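Summary of the model geometry
In case you want the letters, here they are:
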Amino acid sequence: MAVHELSERRACKLAELDRSTFQYEKQAGDDAAMRERLRALAAARRRFGYRRLGILLDREGLGANHKKIFRIYQEEGLAVKRRRGRKRAVGTRSPMHLPEEPNQRWSLDFVSDALSDGRRFRTLCVVDDFTRKALATVVDVSLSGIRVARELSRLIDQRGRPQMIVSDNGTELTSHAILKWVKEARIEWHYIAPGKPTQNAFVESFNGRLRDECLNEHLFDRLSEARNIIEAWRIDYNTVRPHTSLGGIAPAMFTDNVRRARPAPPELRKSSAQRDLTTTTQPERKANGVSK
């Protein structure tokens, strides 16, 4: 404009440029609070990606556009390093019929780990396939079929009887103790096809999160320490951790929403299963016999 001695209005008209665009000056945003909180959340939950961290920021009133969160996430170097897992078999997938209400179908499986001195221990994981809620994580050095049956009986006393239980064909789950318990409890037990863990996808997904976010993040010196840490993680998984398949809410909140939307029949409202849906975090801790 100075060279050709043109006014701003004339120059913008010749360039077919809106004057507001020419006059725009970038506004420096203050992202300090968001950056600091994002770093703190990423440090506390090292296996969370930017989407789950963004949900937690939204809950605290610090949320923003997901593209902005991703940009800050990258600028701060918070990307989660992908862990290399074992090779998995490739095959056709069997269709999974989803349950339509809580307590309709449970899935269970085992996860193994070791203490710092090399002693192995196992964790029995039980998941409600509809609410994705972790019903139990039983930790011990040995979990026989008799022990599994006892833990399932305890859960049924607290939550009511499911219509079906899904598991693999492990020796503990095909033992005489389990077969006898199934007959006495009058519950349908479905065994997945051998070599097809995707048919038990809900508990397999939970096992992956348990190992990635808890077991691989801690070194356990004693069995009691492992029980306390795993139980605390289970409670956090149920009450705080965002679950993407549930719309970013925790399983406990999803269960409450379902209960309000679809109240139980009158004959079940006073049952142990219905009372369990209104339990607080403190009774949840007592469920697996672990003190805070």
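Residues numbered from 1 in each chain as written. Predicted model: local features only at pLDDT ≥ 70, side-chain atom pairs only at ≥ 80, totals over all residues. Heavy atoms only, no water.

1. Let's talk about helix 9 (residues 223-239)
- Taking 1.5 Å per residue as the helical rise, helix 9 with its 17 residues ought to reach 24 Å, and the 24 Å between its terminal C-alpha atoms agrees with that figure.
- Where helix 9 is concerned, the buried positions are Leu 223, Ala 226, Ile 230, Glu 231, Trp 233, Arg 234, Ile 235, Asp 236, Tyr 237 and Asn 238. (Helix = DSSP H or I, 4+ residues; strand = E, 2+ residues; numbered from the N terminus. Expected span 1.5 Å × (residues − 1). Buried < 20%, exposed > 50% of the residue type's maximum accessible area, 1.4 Å probe, protein only.)

2. Brief notes about the packing of helix 4 (residues 50-59) against helix 5 (residues 66-75)
- Helix 5 packs onto helix 4 with a crossing angle of 115° between their chain directions and a minimal axis gap of 10 Å. At the point where helix 4 passes helix 5, the crossing takes the right-handed sense. Together, Tyr 50, Leu 53, Gly 54 and Leu 57 of helix 4 and His 66, Ile 69, Phe 70 and Tyr 73 of helix 5 make up the contact between the two elements.
- Its residues assigned to classes, the contact of helix 4 with helix 5 shows six nonpolar, two polar and no charged. (Axes fitted to C-alpha atoms, helices over the stretch in contact; angles between N-to-C directions. Left-handed = near helix turned anticlockwise from the far one by under 90°. Contact = heavy atoms within 4.5 Å. Nonpolar A, V, L, I, M, F, W, Y, C, P; charged D, E, K, R; others polar.)

3. Points about unusual backbone geometry
- The backbone phi angle of Glu 16 is positive, close to 55°, even though this residue is not glycine.
- Within the secondary structure, Glu 16 sits in the loop between helix 1 (8-15) and helix 2 (19-23).

4. Some thoughts on the sheet that holds strand 3 (residues 134-140)
- As summarised here, the arrangement of the five strands in space is 3-2-1-4-5, forming an open sheet in which the pairing is mixed. Each edge of the open sheet is held by one strand with a lone partner, namely strand 3 and strand 5 (188-191). With direction set aside, neighbouring strand axes in the sheet form an average angle of 20°.
- Sheet topology places strand 1 (residues 105-114) next to strand 2 (residues 120-128); nine bridges connect them, and they run antiparallel. Paired with Ser 112 across the two strands is Arg 122, which belongs to strand 2.
- The strands that helix 9 touches are strand 2 and strand 3; relative to strand 3, the one it contacts most, it runs at about 170°. (Pairing = 2+ DSSP bridges.)

5. Considerations on the confidence of the model for the protein chain
- For the protein chain, per-residue confidence averages 82 on the pLDDT scale, and residues scoring 70 or more make up 83% of the total.
- Every residue in residues 86-96 is under pLDDT 50, and counting partners more than four places away or in other chains gives six contacts.
- The low-confidence segment residues 266-283, where pLDDT is below 50, has 24 contacts with residues more than four positions distant or belonging to other chains. (pLDDT = per-residue confidence, 0-100.)

6. Remarks on the side chain of Thr 255
- Checked against the element boundaries, Thr 255 lands in helix 10 (residues 251-261).
- Of note is the side chain of Thr 255, whose polar atom sits 2.8 Å from the backbone oxygen of Pro 251. (Polar contact = N/O pair within 3.5 Å; in protein donor to acceptor, adjacent residues only side chain to side chain.)

7. Comments concerning the side chain of Glu 172
- Tracing the sequence through the fold places Glu 172 in the loop between strand 4 (164-167) and helix 7 (176-185).
- Within the structure, the side chain of Glu 172 is placed 2.5 Å from the side chain of Arg 122, a separation counted as a polar contact.
- In this view, Glu 172 contacts Phe 110, Arg 122, Leu 143, Ser 144, Gly 145 and Ile 178; residues no more than four positions away in its chain are not counted.

8. Observations concerning the nonpolar core
- Grouped together as the largest cluster of nonpolar side chains are 22 residues, with contacts concentrated most on Trp 181 and Trp 189.
- At the level of secondary structure, the elements contributing two or more residues to this core comprise strand 1, strand 2, strand 3, helix 6 (145-159) and helix 7.
- The leading source of residues in this core is helix 6, at five residues.
- If we ignore the near neighbours within four places in the chain, the residues touching Trp 181 are Ala 149, Leu 152, Ser 153, Ile 156, Ile 165, Ile 187 and Trp 189.
- Membership of the second largest hydrophobic core comes to 18 residues, among which are Ala 134, Val 139, Cys 214 and Ile 230. (Core = buried A, V, L, I, M, F, W, Y, C linked by side-chain atoms within 4.5 Å.)

9. What about helix 8 (residues 201-213)?
- Its 13 residues give helix 8 an end-to-end C-alpha distance of 18 Å, which sits within 8% of 18 Å, the value for a rise of 1.5 Å per residue.
- Of the residues making up helix 8, those classed as buried are Phe 202, Val 203, Phe 206, Asn 207, Leu 210, Asp 212 and Glu 213.

10. A word on the pattern of salt bridges
- Applying the stated criterion across every chain yields a total of 22 salt bridges.
- As a salt-bridge pair, Glu 60 and Arg 37 come within 2.7 Å of each other at their nearest N and O atoms. Here Glu 60 is found in the loop between helix 4 and helix 5, whereas its partner Arg 37 is found in helix 3 (residues 32-44), with 23 residues between them in sequence.
- Taking the shortest distance from any N to any O, the salt bridge between Glu 151 and Arg 147 comes out at 3.0 Å. (Salt bridge = Lys/Arg side-chain N within 4 Å of Asp/Glu carboxyl O.)

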